[in-house]
Amino acid sequence: MRRVVITGLGTVNALGLDVATSYPRMLAGENGVSTIDRFDTTGIAATIAAQVQWDPVECGFDVKEQRKLDPFTMWALMASDEALRDAGFADARSLPEEQRMRMGTIVATGIGGITGILEQHDVMKDRGARRVSPHFIPRIMPNAVSGQVAIRHGLMGTAFTTSSACASGGHAIGMAWRAIQWDDADIVVTGGAESAMTPLSMAGFASAKALSTRNDAPDQASRPFDKDRDGFVMGEGAGILVLEELEHAKARGAKIYAEVKGYGSSDDAFHITAPKEDGHGPARAMEEALRHASVDPTNIQYVNAHGTSTAYNDSIETTAIKRVCGDHAHSLAVNSTKSMIGHLLGGATAVELVVTALAVANGEVHPTRNYTTPDPACDLDYVPGSARELVIENALCNSLGFGGHNVSICIGKV
């Protein structure tokens, strides 16, 4: 079976518009959560979020392009530019066509173009149906994100979008891994993007009692695994990785961050929003990832957890990790990137796998911000306080989504 490695990384998130800016801030445990200043939050229970601070024009999108592209697509384009440049494909479109036919694009989103939907709904309501933009449908369709990345870089191989709530990015990366394993592609640009920070989506998640309402202290609101957690914080942005067949990468002298060794996927088949309390679903996803990787649970050193900062998710994920790893679970470093940049929904796994790949490559894991009060139901080592040096042979990156979806990805040293 063909082996798959990570050769390029890119991200846009609340701590920065690229890896070079945001990753050092993660290692420092910095805060990306603030009071929402993008729209009026009157009447919405949660008024805080991890917002991307950006200027579309400064980032290369003129007014004409902004009419055609939703923010989730623009952020995916920015992150794909970075990841391909990092992988040594700064001008992929100039490559021979036969090479680009072996380059795929599998990029996820959980919600898609809700920004454009709300905008054009207001246009139709206020100005009539004839004033709805001709760019409306191609802007808001979820698969715009993979289509636009493929078009921008001339990638002619397999291309599609996965959408499975908070597990979307994990499924996209798993499908990219399989496409290379099965010899359908040599390189796949993969990951996820989300721009769901709108009045309607914030109101919906708040009504479902899913969001933190620690509005007076946004820097303390996202606190995965902490006893005083009260819900997740909405985030936004994108994470993109370049996956590549190992021998292909070695032949061109590519930098290799880590090997993607295994992928597991399951469903709780229990409830549309609540995870099943026994943790069996996410445990099966982790076990499947380890089985594909031929890695024993005792050979895992690090878990980048889904870690949303919700009561059920954090305790159930802890149970699942202990179910898989037994006593070794207490020797693991477990952290949550969401403690700093919030929950990116369909983009979450992708940013978190970028972080996991950097941890494997550099031997350092970031802290879980705001972990101060232990919870008896969450009794693992969540890397409190500060970053930690750690030799990582193998790591897991977990995702749990509405719909009962569970994904785990195993990566490690080549």
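Our subject is the structure that appears above.
All of these numbers come straight from a predicted model, not from anything done at the bench.

(A) Structural detail: the overall build of the chain. Looking only at helices and strands, the chain features 14 helices and 14 strands. The globule rule puts the C-alpha radius of gyration for 414 residues at 22 Å, and the 20 Å found for the chain is close to it. Taken over the C-alpha atoms alone, the chain extends approximately 65 × 55 × 40 Å along its principal axes. Out of the 414 residues belonging to the chain, those deemed buried represent 59%. Within the chain, contacts between residues at least 6 apart in sequence are counted, and of these 79% link residues at least 24 apart. Looking at the chain as shown, the accessible area adds up to about 15,500 Å², and 51% of this sits on carbon and sulfur atoms.

(B) Molecular detail of unusual backbone geometry. The backbone phi angle of alanine 269 is positive, close to 50°, even though this residue is not glycine. What makes alanine 269 exposed here is its relative accessible area of 73%. Of note in the backbone geometry, leucine 345 takes a positive phi value of approximately 50° without being a glycine. By secondary structure assignment, the location of leucine 345 is in the loop between helix H13 (338-341) and helix H14 (348-362). Classification of leucine 345 as buried rests on a relative accessible area of 4%.

(C) Region of the structure containing the environment of glycine 346. Position of glycine 346 among the secondary structure elements: in the loop between H13 and H14. By relative accessible area, glycine 346 is classed as buried at 0%. Between the C-alpha atoms of glycine 346 and aspartate 314, which are 32 residues apart in sequence, the distance is 18 Å. With near-sequence residues (within four places) excluded, glycine 346 lies in contact with Ala108, Thr109, Gly110, Ala165, Ser168, Gly169, Gly192, Ala193 and Glu194.

(D) Here's a closer look at helix H1 (residues 19-27). Three or more residues of H1 are buried, namely Val19, Ser22, Tyr23, Met26 and Leu27. What you see down the axis of H1 is that its buried residues fit within an arc of 140°, all on one side. The elements touched by buried residues of H1 are strand S1 (4-12), helix H3 (71-87), H13, H14 and strand S11 (364-365).

(E) Spatial organisation of the packing of H3 against helix H7 (residues 144-153). Between H3 and H7, the least distance of the axes is 9 Å, while the angle of their chain directions is 40°. If you check the angle between H3 and H7, you find them oblique. In terms of crossing hand, the pair formed by H3 and H7 is right-handed. Packed against H3, whose contacting residues are Phe72, Thr73, Ala76, Leu77, Ser80, Asp81 and Leu84, the element H7 presents Ala144, Val145, Gln148, Val149, Arg152 and His153 at the interface. Partitioning the contact of H3 with H7 into residue classes produces seven nonpolar, four polar and two charged.

(F) Representation of the side chain of serine 399 in the model. By secondary structure assignment, the location of serine 399 is in strand S13 (residues 394-401). Among the polar contacts made by the side chain of serine 399, one reaches the side chain of threonine 349 at a distance of 2.5 Å. Among all residues touching serine 399, those that are not within four sequence positions of it are Cys166, Ala167, His306, Thr349, His405, Asn406 and Val407.

(G) Structural view of the pairing of strand S8 (residues 258-267). Most of S8 sits out of view: eight of its ten residues are buried. Sheet topology note: the S1/S8 ladder contains three bridges and is antiparallel. Bridged to valine 5 within S8 is glutamate 259.

(H) Summary view of the sheet that holds strand S7 (residues 237-245). Spatially, S5-S4-S6-S7-S1-S8-S14-S13-S9-S10 is the arrangement adopted by the ten strands of the open sheet, whose pairing is mixed. Since the sheet does not close on itself, it has two edges, and those belong to strand S5 (159-160) and strand S10 (333-335), each with one partner. Judged from the three bridges that link them, strand S9 (residues 302-304) and S13 form a sheet pairing that is parallel. The residue bridging valine 303 from the neighbouring strand is leucine 396, located in S13. This element, H3, spans S1, strand S6 (187-194) and S7 of the sheet and lies at about 135° to S1.

(I) Highlighting the nonpolar core. Ranked by size, the top nonpolar core spans 48 residues in total, and within it Ile6, Leu9, Leu241, Leu243 and Ile411 carry the most contacts. If one sorts the elements of this core by residue count, H14 sits on top with ten residues. If we skip the residues at most four places from it in the chain, leucine 241 touches Ile6, Gly8, Leu9, Ile173, Val188, Val189, Thr190, Ala350, Leu353 and Val354. Membership of the second largest hydrophobic core comes to 29 residues, among which are Val52, Met74, Met78 and Ala79.

(J) Representation of the pattern of salt bridges in the model. As enumerated under the stated definition, the model contains 21 salt bridges in all. Its salt-bridge partner being aspartate 81, residue arginine 152 comes within 2.8 Å of it at the nearest N-O pair. Of this pair, arginine 152 sits in helix H7 while aspartate 81 sits in helix H3, placing them 71 residues apart in sequence. Arginine 229 is paired through a salt bridge with aspartate 314; the nearest N and O atoms lie 3.4 Å apart. With a gap of 85 residues between them, arginine 229 in the loop between helix H9 (199-207) and S7 and aspartate 314 in helix H12 (residues 311-325) connect regions that are remote in the sequence. Take arginine 229 and aspartate 314: they sit in the same class, and that class is buried. Members of the salt-bridge network, linked through shared partners, are Arg2, Arg102, Asp183 and Asp186.

What counts as what
- Residues numbered from 1 in each chain as written.
- Predicted model: local features only at pLDDT ≥ 70, side-chain atom pairs only at ≥ 80, totals over all residues.
- Heavy atoms only, no water.
- Helix = DSSP H or I, 4+ residues; strand = E, 2+ residues; numbered from the N terminus.
- Rg over C-alpha atoms; globule rule 2.2 N^0.38 Å.
- Buried < 20%, exposed > 50% of the residue type's maximum accessible area, 1.4 Å probe, protein only.
- Contact = heavy atoms within 4.5 Å.
- Areas by Shrake-Rupley, 256 points an atom, 1.4 Å probe, with all protein chains shown as cover.
- Arc of directions from axis to C-beta.
- Axes fitted to C-alpha atoms, helices over the stretch in contact; angles between N-to-C directions.
- Parallel < 35°, antiparallel > 145°, perpendicular 65-115°, else oblique.
- Left-handed = near helix turned anticlockwise from the far one by under 90°.
- Nonpolar A, V, L, I, M, F, W, Y, C, P; charged D, E, K, R; others polar.
- Polar contact = N/O pair within 3.5 Å; in protein donor to acceptor, adjacent residues only side chain to side chain.
- Pairing = 2+ DSSP bridges.
- Core = buried A, V, L, I, M, F, W, Y, C linked by side-chain atoms within 4.5 Å.
- Salt bridge = Lys/Arg side-chain N within 4 Å of Asp/Glu carboxyl O.

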